[in-house]
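Single-letter residue listing:
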Amino acid sequence: MPNRITVGLDGSGAGSAAADWAADEAELRGAALELVHAEDWAQYGPFAAPLPEPRRQWAEDLLSLARDRLLGEHGTLDISTRGTRGVAASKVLAASAADADLLVLGSRGLGTVAGFIVGSTSSATIPETDTPVVLVRSVDGGERPPGDADDAGPVVLGVDPHSNCDRLLAFACEEADRRSCPLVVVHAWSLPPVFSCAPSLDPGVGKEMADGLEDTLRELLSPWEQKYPQLAVDARVVIGQPAIQILDAGSGAALLVVGRRIRRPVPGARIGPITHAVMHHATSPVAVVAHD
């Protein structure tokens, strides 16, 4: 295993917050930290052309100053830097994270109600890589993340028990185990339209379906609870829109984990609507884990 975390820097407060979160996470994992700045030539004009010298110097200074700052706070970390240039920053970041354990990116904060904006580079990078991606918002646009990687909140995972959840569960269990915090697993559901009148005709229909889903979720979690016997797992089957229920459970979480299906044969891969909503509205760091 590479045992390395890669973080993208762009000179923004959100990028600095992502670097701080990544440094804390690297300490938890005993991993090396790589700081990457990817210049997107296309944003400086209609044609791809080498960047002017002042801009190249700015990028080098950005990485050097960030490394010095993080070493001052995390003196034992192995921190390296890499400046890259390419037409598409998302592809450069995805390539940089190809052999990393984790890619960390920043997102611009809008406050506790509105959540945060996921920038175009972050949105474009996530479908480009199978490496788990963590999005970190800054506090009020500043340079600090909303909490440390070892924050006291739980790790919250949103799942669909009928899909392949192994990669999601492995990631979430490992993160909760590192932090010695509870793992909250949430599955949200609603009655199919064909059963919309069933509860009024037979109140037991809804309870019967909920009980069946709880049994399915417990069966899914059973081998992971055996693998991590010291982990406190709170399994929740709730009625409602999945994104809303995951966001509600994830308020104050140390980390919120959601999935993204890998669709290799399909060009122009997309992020699912539930994950997309969670990414844009969560106030906690969000981990997007690719799975089959």
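Residues numbered from 1 in each chain as written. Predicted model: local features only at pLDDT ≥ 70, side-chain atom pairs only at ≥ 80, totals over all residues. Heavy atoms only, no water.

Undergrad: How would you sum up the side chain of D101? Please name residues and give values.
TA: Turning to its location among the elements, D101 is positioned in the loop between helix 3 (89-96) and strand 4 (102-109). As a buried residue without a salt bridge, D101 has its nearest oppositely charged side chain in R29, at a separation of 4.8 Å. At 2.7 Å, the side chain of D101 and the backbone nitrogen of N3 are in polar contact. A distance of 2.8 Å separates the side chain of D101 from the backbone nitrogen of R4, its partner in a polar contact. (Helix = DSSP H or I, 4+ residues; strand = E, 2+ residues; numbered from the N terminus. Buried < 20%, exposed > 50% of the residue type's maximum accessible area, 1.4 Å probe, protein only. Lys, Arg positive; Asp, Glu negative; His and termini not counted. Salt bridge = Lys/Arg side-chain N within 4 Å of Asp/Glu carboxyl O. Polar contact = N/O pair within 3.5 Å; in protein donor to acceptor, adjacent residues only side chain to side chain.)

Undergrad: Mind laying out the confidence of the model for the protein chain, listing which residues take part and the relevant values?
TA: Overall, the predicted model of the protein chain reaches an average pLDDT of 83, with 77% of residues at or above 70. For residues 44-49, every residue scores under 50 in pLDDT, and the model assigns this stretch 7 contacts once sequence neighbours within four places are set aside. This stretch, residues 109-117, has a pLDDT under 50; its non-local contacts, to residues over four places away or in other chains, come to 32 contacts. (pLDDT = per-residue confidence, 0-100. Contact = heavy atoms within 4.5 Å.)

Undergrad: Give me the side chain of S90: which residues, what numbers.
TA: You can see S90 is positioned in helix 3. Every residue in contact with S90, bar those within four places of it in the chain, is listed here: T121, A124 and T125.

Undergrad: Which residues make up the packing of helix 8 (residues 242-249) against helix 9 (residues 273-281), and what are the values?
TA: Across the interface, helix 8 lies against helix 9 with an axial gap of 9 Å and an inter-helix angle of 40 degrees. For helix 8 against helix 9, the interelement crossing comes out right-handed. Contacts from P242, A243, I246 and L247 of helix 8 reach helix 9 at I274, A277, V278 and H281. Partitioned by chemical class, the residues of the contact of helix 8 with helix 9 number 7 nonpolar, 1 polar and no charged. (Axes fitted to C-alpha atoms, helices over the stretch in contact; angles between N-to-C directions. Left-handed = near helix turned anticlockwise from the far one by under 90°. Nonpolar A, V, L, I, M, F, W, Y, C, P; charged D, E, K, R; others polar.)

Undergrad: Outline the packing of helix 1 (residues 13-29) against helix 5 (residues 166-179), listing residues and values.
TA: With their axes 10 Å apart at the nearest point, helix 1 and helix 5 run at an angle of 85 degrees to one another. Here helix 1 lies roughly perpendicular to helix 5, going by the angle between them. Here W21, E25, L28 and R29 of helix 1 lie close against helix 5, whose contacting residues are F171, E175, R178 and R179. Of the residues that constitute the contact of helix 1 with helix 5, the class distribution is 3 nonpolar, no polar and 5 charged. (Parallel < 35°, antiparallel > 145°, perpendicular 65-115°, else oblique.)

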